[in-house]
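# Coordinate analysis (summary)
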Amino acid sequence: MSERIYLSPPHMGGREKDFVQEAFDTNWIAPLGPNVDAFELEFAEYVGADHALALSSGTAAMHLALLVMGIGPGDRVFVSDLTFVASVNPIRYVGAEPTLIDCERESWNMDPALLEEALEAAAKNNTLPKAVVVVHLYGQSANLEAITKICDRFEVPIIEDAAEALGAKQVSRPDPGTVGRMGFFSFNGNKIITTSGGGMLVSADKNLLDHARKLATQAREPVPHYEHEEIGFNYRLSNILAGVGRGQLEVIEDRVRTRRSIFERYEKELKIEGIEFQPEAIWGKHTRWLTCLTVDENILGTTRDAIRLACETANIEARPVWKPMHLQPLYREVEKIGGSVSKELFETGLCLPSGSSLSESEQSRVIDTVKRAITL
Ligand SMILES: *Cc1c(COP(=O)(O)O)cnc(C)c1O
């Protein structure tokens, strides 16, 4: 059996161990320290954010964003339907009620027209959401210009879930993740850079971020003894892991270049009628964190699942596109706007191995396996 090819395995840059060694040498084995401080500053500079807060996960970052923006029991929050469940669960952590907004085909991200429709209806009923959570899927920015314009009109703040979009760009605006009131990123093991687990919350609003920092450290009041006025959490990032993050951040541009070139090779060699790749929207640069394609089985004569199973048999990890939230047993009952596009992308979409450490011969193995599945 050939060695397993994973979807998006960790890819260390080289300097991570130096930063971790420094943490050991100085005995900063704690959820704070010089690596954490430096990682926050270096990250903020890279994405162009005013302030950044390193946390134990992207999920924790979103939870804190909702809390410091004052979102709680009974409030409504609009969120992308086609996403990973971690974009929605924190809405429930704070007792709020999600409404799922379908995506557009152009970018696979939140459809601005559907969002506008939903906000207009909510405004009429006096049930406007407290926030709109916009997800940037698979390394591609949502149409932030359109979405910002609509949200501004209704004075609803945006939280950006940029967990999958570090390194993505917009043509004429700041980086995805730094446009909304708050934005967050993930350094989970499968993301474009990783700290094994970790996240970053960013904002231009220092007060919001300071409050999040306090909540992340058990909400200690600034007095010598342990004094508490509100419920806090243990959400800070370890100084050891922040060292991994600093090393990873040094190579992010290279990782984007490599993932994009892997995508280009797939696109060139799988130029087959019945296969379409996730489009790159005109408003931004896609990182191609994952290369995703859709299969039209009527044209191709092969199903998405047949290709996926052929990959599995060849010891290659390929996964269906995210199962939309409105189809999840967990969120079946919640309000949704649209849902047919996300459903179709889920039923026909496949993510191919896209890790930046994927060798040319491994890419060939994936391409040959897909081609063979089609001609069978
Ligand atoms: C990974 C991911 C998250 C959660 O980040 P964690 O660091 O794993 O908690 C949230 N949203 C999306 C879209 C993700 O892909």
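Right, let's talk about the site of the ligand for a bit. Residues in contact with the ligand amount to 15 residues; listed here are only the nearest, Thr59, Asp161, Glu164, Ser186 and Lys191. Within the contact set of the ligand, an oxygen atom lies 2.5 Å away from a side-chain nitrogen or oxygen of Thr59. One nitrogen or oxygen atom from the side chain of Asp161 is found 2.7 Å from a nitrogen atom belonging to the ligand. Protein chains bury 94% of the 380 Å² of accessible surface belonging to the ligand in isolation.

Burial analysis of helix 8 (residues 239-249) places 9 of its 11 residues in the buried class, the great majority of the element. Buried within helix 8 we find Asn239, Ala242, Gly243, Val244, Gly245, Arg246, Gly247, Gln248 and Leu249. Elements in contact with the buried residues of helix 8: helix 1 (16-25), helix 2 (34-47) and helix 9 (252-269). One side-chain oxygen at the N-terminal end of helix 8 lies 2.9 Å from the backbone nitrogen of Ile240; it belongs to Ser238.

This brings us to the nonpolar core. Ranked by internal contacts, the top residues of the largest apolar core, which has 37 residues, are Phe39, Phe43, Tyr138, Leu166, Phe185 and Met200. Put simply, the parts of the chain that give this core at least two residues each are helix 2, strand 1 (51-55), strand 8 (199-203), helix 8, helix 9 and helix 12 (340-348). If one sorts the elements of this core by residue count, helix 2 sits on top with 5 residues. If you look at the next biggest cluster of nonpolar residues, it comprises 36 residues, including Leu53, Ala60, Leu208 and Ala219.

Looking at the element boundaries, Asn315 is found in the loop between helix 11 (304-313) and strand 12 (319-320). The residues contacting Asn315, other than those within four sequence positions of it, are Met1, Ser2, Glu3, Arg4, Ile5 and Arg365.

With that out of the way, let us pick up the sheet that holds strand 12. Strand order in the open sheet formed by 4 strands is 9-11-14-12, with antiparallel pairing between adjacent strands. The open sheet has two edge strands, strand 9 (275-277) and strand 12, and neither has a second partner. Note: strand 11 (residues 291-295) against strand 14 (residues 349-352), 4 bridges, orientation antiparallel. In the strand pairing of strand 14, Thr291 is matched with Leu352. Those strands touched by helix 12 are strand 11, strand 12 and strand 14, and its axis lies near 55 degrees from that of strand 14.

Through backbone hydrogen bonds, the strands of a sheet pair up, either in parallel or in antiparallel fashion. Strand order in the open sheet formed by 8 strands is 1-8-7-5-4-2-3-13, and the pairing between neighbours is mixed. Where the open sheet ends on each side, the last strands, each with one partner, are strand 1 and strand 13 (335-337). Between one strand and the next, the sheet's axes are offset by a mean angle of 20 degrees, whatever the strand orientation. Bridging between strand 2 (residues 76-80) and strand 3 (residues 97-101) involves 5 bridges; their strand directions are parallel. Residue Arg76 lies in a different strand from strand 3, and its bridge partner there is Glu97. Running at roughly 170 degrees to strand 2, helix 5 (residues 112-124) makes contact with strand 2, strand 3, strand 4 (131-135) and strand 13 of the sheet. In the packing of helix 6 (residues 144-154) onto the sheet, contacts are made with strand 4 and strand 5 (158-161), and the angle to strand 5 comes to roughly 155 degrees.

Moving on, we get to the packing of helix 11 against helix 13 (residues 360-375). At their nearest, the axes of helix 11 and helix 13 sit 9 Å apart, and the two run at 130 degrees to each other. Put simply, helix 11 runs oblique to helix 13. In the crossing of helix 11 with helix 13, the sense of the turn from one axis to the other is right-handed. Residues Ala306, Ile307, Ala310 and Cys311 of helix 11 form the contact with helix 13, whose participating residues are Thr369, Val370, Ala373 and Ile374. A per-class count over the contact of helix 11 with helix 13 returns 7 nonpolar, 1 polar and no charged.

Looking now at the packing of aromatic side chains. The description of an aromatic ring pair uses the distance of the two centres, along with the angle that the planes make with each other. Per the stated rule, a full pass over the model turns up 10 aromatic pairs. Geometrically, the ring pair formed by Phe43 and Phe187 is edge-to-face, given 5.6 Å between the ring centres and 80 degrees between the ring planes. Taken together, the positions of Phe43 in helix 2 and Phe187 in the loop between strand 7 (182-186) and strand 8 put the pair 144 residues apart, joining distant regions of the chain. For the pair formed by Phe43 and Phe187, the shared burial category is buried. Aromatic ring contacts, followed pair by pair, group Phe84, Trp108, Tyr138, Trp289 and Trp322 into a single cluster.

With that out of the way, let us pick up the environment of Pro34. As for its position among the elements, Pro34 is in helix 2. Relative accessible area serves as the criterion here: at 39%, Pro34 is assigned to the partly exposed category. For Pro34 and Ser172, which are 138 residues apart along the polypeptide, the C-alpha to C-alpha distance reads 34 Å.

Within the secondary structure, Ile275 is located in strand 9. Sequence separation between Ile275 and Met200 is 75 residues; the distance between their C-alpha atoms is 35 Å. Apart from residues lying up to four places away in sequence, Ile275 is in contact with Leu270, Leu293, Thr294, Leu300 and Ile374.

In terms of residue burial, strand 8 counts as a mostly covered element, since 5 of its 5 residues are buried. Burial along strand 8 is two-sided: the residues Gly199, Leu201 and Ser203 and Met200 and Val202 are all buried. In the sheet, strand 7 pairs with strand 8 via 5 bridges, with the strands oriented antiparallel. Bridge pairing in strand 8 places Ser186 opposite Gly199.

Rules behind the numbers
Residues numbered from 1 in each chain as written. Predicted model: local features only at pLDDT ≥ 70, side-chain atom pairs only at ≥ 80, totals over all residues. Heavy atoms only, no water. Near = heavy atom within 4 Å. Polar contact = N/O pair within 3.5 Å; in protein donor to acceptor, adjacent residues only side chain to side chain. Areas by Shrake-Rupley, 256 points an atom, 1.4 Å probe, with all protein chains shown as cover. Buried < 20%, exposed > 50% of the residue type's maximum accessible area, 1.4 Å probe, protein only. Helix = DSSP H or I, 4+ residues; strand = E, 2+ residues; numbered from the N terminus. Contact = heavy atoms within 4.5 Å. Core = buried A, V, L, I, M, F, W, Y, C linked by side-chain atoms within 4.5 Å. Pairing = 2+ DSSP bridges. Axes fitted to C-alpha atoms, helices over the stretch in contact; angles between N-to-C directions. Parallel < 35°, antiparallel > 145°, perpendicular 65-115°, else oblique. Left-handed = near helix turned anticlockwise from the far one by under 90°. Nonpolar A, V, L, I, M, F, W, Y, C, P; charged D, E, K, R; others polar. Phe/Tyr/Trp six-rings, centres within 6.5 Å; stacked < 30°, edge-to-face > 60°.

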